[in-house]
Amino acid sequence: MASTERAAKTNGNGHHSKSQDLLTRERREVRKLATLVEIGRILSDTGSLRTAFAATLETLGRHHGLLRSFVMLLDDESEKIRIEATYGLNQDSAHRVTYRVGEGVIGRVVQSGKPVVVPQTSREPLLLNRLRDHAENTTRKEISFICVPIVIGGKPVGVVGADRVYKEERDYDRTTKFLSVIAAMMAQAIKVRQAFEADKKLLVDENTYLKQELRQRYDFSHIVGNSNPMRMVYDQVTQVARTNTTALLRGESGTGKEMVAHAIHYNSLRASKPFVKISCAALPNTLIESELFGYEKGAFTGAQSRKKGRFELADGGTLFLDEIGDLDVSTQVKLLRVLQEREFERLGGMDTIKVNVRLIVATNKDLEEAIRRSQFREDLYYRLNVFTIFMPPLRERKPDILLLAEHFVEKFEREHGKNIKRISTPAIDMLTSYHWPGNVRELENVIERAVLVCESNVIRGHHLPPSLQTAEGSDTLTRLSLASAMEAYERDLIQDALKTSRGNRAKAAKLLDSTERIIGYKVKKYAIKCDRFRA
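Residues numbered from 1 in each chain as written. Predicted model: local features only at pLDDT ≥ 70, side-chain atom pairs only at ≥ 80, totals over all residues. Heavy atoms only, no water.

Turning our eyes to something else, we now look at the overall build of the protein chain. Counting secondary structure elements, the protein chain contains 19 helices and 17 strands. In the protein chain, buried positions account for 43% of the 535 residues. For the protein chain, the proportion of contacts with a sequence separation of at least 24, taken over those separated by at least 6, is 68%. With an accessible surface of roughly 29800 Å², the protein chain has 51% of that area assigned to carbon and sulfur atoms. (Helix = DSSP H or I, 4+ residues; strand = E, 2+ residues; numbered from the N terminus. Buried < 20%, exposed > 50% of the residue type's maximum accessible area, 1.4 Å probe, protein only. Contact = heavy atoms within 4.5 Å. Areas by Shrake-Rupley, 256 points an atom, 1.4 Å probe, with all protein chains shown as cover.)

Strand order across the open sheet formed by 5 strands is 8-11-14-7-15, with parallel pairing between neighbours. At either end of the open sheet lies a strand with only one pairing partner, and these are strand 8 (275-279) and strand 15 (387-390). The sheet shows a mean angle of 20° between the axes of neighbouring strands, direction not considered. (Pairing = 2+ DSSP bridges. Axes fitted to C-alpha atoms, helices over the stretch in contact; angles between N-to-C directions.)

One open sheet accounts for 6 strands, arranged 3-2-1-6-5-4; its pairing is antiparallel. At either end of the open sheet lies a strand with only one pairing partner, and these are strand 3 (98-100) and strand 4 (116-118). Looking at each pair of strands side by side, their axes are set apart by 20° on average, direction ignored. Inspection of the sheet shows strand 1 (residues 68-75) paired to strand 6 (residues 155-165) by 6 bridges, in the antiparallel sense. Each bridged residue has a counterpart across the sheet, and for Phe-70 the counterpart in strand 6 is Gly-161. Sheet strands touched by helix 2 (residues 49-64): strand 1, strand 2 (80-87) and strand 6. Its angle to strand 2, the strand with the most contacts, is close to 55°. Against the sheet, helix 4 (residues 104-112) touches strand 1, strand 2, strand 3, strand 4, strand 5 (143-152) and strand 6, its axis set at about 30° to strand 5.

Right, let's talk about the nonpolar core for a bit. Counting residues in each nonpolar core, the largest one holds 30 residues, and the members touching the most others are Phe-311, Leu-321, Ile-324, Leu-335, Leu-359 and Phe-376. Secondary structure elements with two or more residues in this core: strand 8, helix 8 (285-293), strand 11 (318-322), helix 10 (329-341), strand 14 (358-363), helix 11 (367-372) and helix 12 (378-384). It is helix 10 that provides the largest number of residues to this core, a total of 4 residues. In this structure, Ala-85, Val-160, Leu-179 and Ile-190 belong to the second largest nonpolar core, which totals 28 residues. (Core = buried A, V, L, I, M, F, W, Y, C linked by side-chain atoms within 4.5 Å.)

It is worth spelling out helix 7 (residues 257-266) at this point. In terms of residue burial, helix 7 counts as a mostly covered element, since 8 of its 10 residues are buried. Within helix 7, burial applies to Lys-257, Val-260, Ala-261, His-262, Ala-263, Ile-264, His-265 and Tyr-266.

On to the packing of helix 14 (residues 425-433) against helix 17 (residues 482-500), then. Direction vectors running N to C along helix 14 and helix 17 enclose 100°, while the axes themselves pass 8 Å from each other. One element, helix 14, and the other, helix 17, form an angle in the roughly perpendicular class. For the pair helix 14 and helix 17, the contacting residues are Thr-425, Pro-426, Ile-428 and Asp-429 in the first and Asp-492, Gln-495, Asp-496 and Lys-499 in the second. Of the residues that constitute the contact of helix 14 with helix 17, the class distribution is 2 nonpolar, 2 polar and 4 charged. (Parallel < 35°, antiparallel > 145°, perpendicular 65-115°, else oblique. Nonpolar A, V, L, I, M, F, W, Y, C, P; charged D, E, K, R; others polar.)

A separate point is the pattern of salt bridges. Under the defined criterion, the tally for this structure stands at 31 salt bridges. The partner of Arg-82 in a salt bridge is Asp-75, with the nearest N and O atoms 3.6 Å apart. Residue classification places Asp-75 among the partly exposed positions, given a relative accessible area of 26%. Counted as one network, the salt bridges with shared partners bring together Glu-296, Arg-306, Glu-312 and Arg-346. (Salt bridge = Lys/Arg side-chain N within 4 Å of Asp/Glu carboxyl O.)

Moving on, we get to the packing of helix 8 against helix 10. Axes are the key here: two packed helices are described by the angle between their axes and the distance separating the axes. Two numbers describe how helix 8 lies on helix 10: the axes approach to 10 Å, and their chain directions differ by 15°. One way to sum up the angle between helix 8 and helix 10 is to call them roughly parallel. The chirality of how helix 8 crosses helix 10 is left-handed. Where helix 8 abuts helix 10, its residues Ile-288, Glu-289, Leu-292 and Phe-293 lie against Thr-331, Lys-334, Leu-335 and Val-338. Across the contact of helix 8 with helix 10, the residue classes break down as 5 nonpolar, 1 polar and 2 charged. (Left-handed = near helix turned anticlockwise from the far one by under 90°.)

The next subject is the pairing of strand 5. For strand 5, a buried count of 9 out of 10 residues is recorded, marking the element as mostly surrounded by other parts of the structure. In terms of strand pairing, strand 4 meets strand 5 through 3 bridges, oriented antiparallel. Of the residues in strand 5, the one forming a bridge with Val-116 is Cys-147. With 10 bridges joining them, strand 5 and strand 6 adopt antiparallel strand pairing. In the sheet register, Ile-146 faces strand 6, and the bridge partner there is Ala-162. The antiparallel pairing of strand 5 with strand 6 creates a hairpin that spans 2 residues between the two strands, and Gly-153 there sits at a positive phi of about 60°.

As a further point, take helix 17. With 19 residues, helix 17 ought to run about 27 Å at 1.5 Å a step, and its terminal C-alpha atoms sit 27 Å apart, in line with that. Listing the buried residues of helix 17 in full gives Ala-488, Arg-491, Asp-492, Ile-494, Gln-495, Asp-496, Ala-497 and Leu-498. For helix 17, the secondary structure elements touched by its buried residues are strand 16 (422-423), helix 14, helix 18 (505-511) and helix 19 (516-525). Trailing helix 17 by a residue or two, Arg-502 shows a phi angle of about 55°, which is positive. (Expected span 1.5 Å × (residues − 1).)

Sheet faces and side chains relate simply in a regular strand, where the side chains alternate between the two faces. Most of strand 11 is tucked away, with 5 of its 5 residues classed as buried. Burial along strand 11 is two-sided: the residues Thr-318, Phe-320 and Asp-322 and Leu-319 and Leu-321 are all buried. Inspection of the sheet shows strand 11 paired to strand 14 by 4 bridges, in the parallel sense. Residue pairing in the sheet places Leu-321 in a bridge with Val-361 of strand 14.

To continue, consider the packing of aromatic side chains. The final tally for this structure, using the stated rule, is 10 aromatic pairs. Pairing Tyr-266 with Phe-275 gives two aromatic rings, centres 6.2 Å apart and planes at 35°, and the pair type is tilted. Side by side, Tyr-266 and Phe-275 carry an identical accessibility label, which is buried. Taking 4.8 Å as the distance between ring centres and 65° as the angle between the ring planes, the aromatic pair formed by Tyr-295 and Phe-300 counts as edge-to-face. (Phe/Tyr/Trp six-rings, centres within 6.5 Å; stacked < 30°, edge-to-face > 60°.)

Considering the arrangement of structural elements, one finds Arg-342 in the loop between helix 10 and strand 12 (343-345). On a C-alpha basis, the gap between Arg-342 and Val-355 in space is 5.7 Å, while along the polypeptide they are 13 residues apart. In contact with Arg-342, not counting residues within four places along its chain, are Arg-337, Ile-353, Lys-354, Val-355 and Val-357. Here Val-357 takes part through its backbone oxygen, which lies 2.7 Å from a polar atom of the side chain of Arg-342. (Polar contact = N/O pair within 3.5 Å; in protein donor to acceptor, adjacent residues only side chain to side chain.)

Structural data, given as structure tokens:
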């Protein structure tokens with residue numbers, strides 16, 4: 001009876017011991033899962049990898065009894081393994097420790113990509129223990145060392161190493177797997193950071209390239225024209241670009257006011273800051289104010305979130321207001337305040353926003369007449385009319401017409417895959433004799449059309465639009481007979497040949513497979529002056 005009771009008691013104690021071990025194991029696994037969740041949050045929320053890794057190691061040390069731990073990453077340039085973060089080590093001195101690939105246990109883990117466990121470090125000759133000299137907390141107990149690789153795309157890029165107090169009964173395989181999961185999470189964080197840095201570098205390089213391209217595009221050397229009126233414009237742009245003065249650009253539509261605005265900005269001290277533009281004529285009066293000054297959430301129906309206005313977006317840079325003459329009077333009042341005080345409030349907002357903006361405005365309207373009709377505020381006019389640049393119409397810069405035409409030919413032949421060698425003399429005459437009410441913009445459209453319809457490598461008179469096909473411009477009649485059309489075409493061919501031969505009739509005759517006598521007769525018939533081609 002007594003032996004039966006002892007057996008029952010022994011069985012009870014054994015069952016209790018197994019339950020206790022199971023409960024301890026479950027608690028250990030729960031603690032590991034909680035640690036993984038915390039580390040996942042740290043790695044995703046922390047901006048700096050070094051800070052995130054240090055916090056991860058600190059969490060491991062606090063919850064899992066690690067004496068010391070570290071993260072080392074392979075430097076591709078020097079091919080050395082360097083400290084990234086530590087726990088339980090002197091951060092400043094430990095950062096001087098490096099390993100080569102294949103050197104010691106750490107170097108071999110990076111080389112092989114496989115974890116290494118050293119149960120008793122005192123018995124391992126390959127363990128160099130360079131970091132042990134920088135330990136903050138030392139102990140005389142035997143130490144175990146576990147080192148697992150950080151692998152990205154099958155290639156080891158670093159290691160996670162940890163020191164623990166040696167225990168014979170410790171399950172090192174379980175510890176190694178746990179650290180390997182941590183290393184995999186770190187690898188993912190590194191991969192995301194590398195992708196982010198690559199995208200950031202790409203964006204920075206692209207942004208730098210685009211800014212440089214814009215600066216070159218709007219450099220004075222890229223504005224076509226060397227006529228006296230344009231030289232005056234260049235001088236004025238040079239004067240005003242280096243200042244923060246408000247500039248008023250005046251001139252007919254299509255004269256290049258926006259290009260000059262770009263040139264002022266990209267040749268100023270604000271060139272690296274934003275250039276924001278808005279056309280006051282393109283938006284209705286009900287929207288222009290919200291576009292300029294922005295609005296708060298709920299300021300009006302449909303305002304579901306806060307929006308910055310153009311003034312706020314241009315802070316530190318330049319704001320270009322095109323067609324300022326079309327701005328309604330109520331908005332003119334608010335614009336005047338911004339110019340005077342350099343501050344404003346968003347629609348529906350109470351906070352005053354201060355801005356540092358250089359203002360460039362443009363108009364094709366007679367502002368003085370608009371003031372007389374009470375359509376434009378006189379005080380705003382005087383605020384804007386600090387430095388005025390008048391853009392000359394194309395009809396007043398005749399010497400630039402051919403330069404602009406050739407510039408647009410080069411531009412559109414690239415865009416449309418054409419091979420245009422030149423513009424014929426009659427076509428040039430038509431371009432220079434036209435009055436160009438649409439200015440440079442109209443010339444650009446005319447040349448694009450001519451490039452598109454031209455099937456040869458020379459733009460001729462008949463490639464130009466009907467608006468240029470006048471008796472004065474092309475020396476033809478409104479209704480052409482067959483004989484007249486043939487004569488006009490013949491005249492074009494002879495002029496082209498004379499231009500190529502620089503007025504030499506004999507060479508022109510040879511180009512046209514004719515005789516000098518016939519060419520001389522035709523020159524006299526069509527009253528062609530050969531001297532003009534000899535220059």
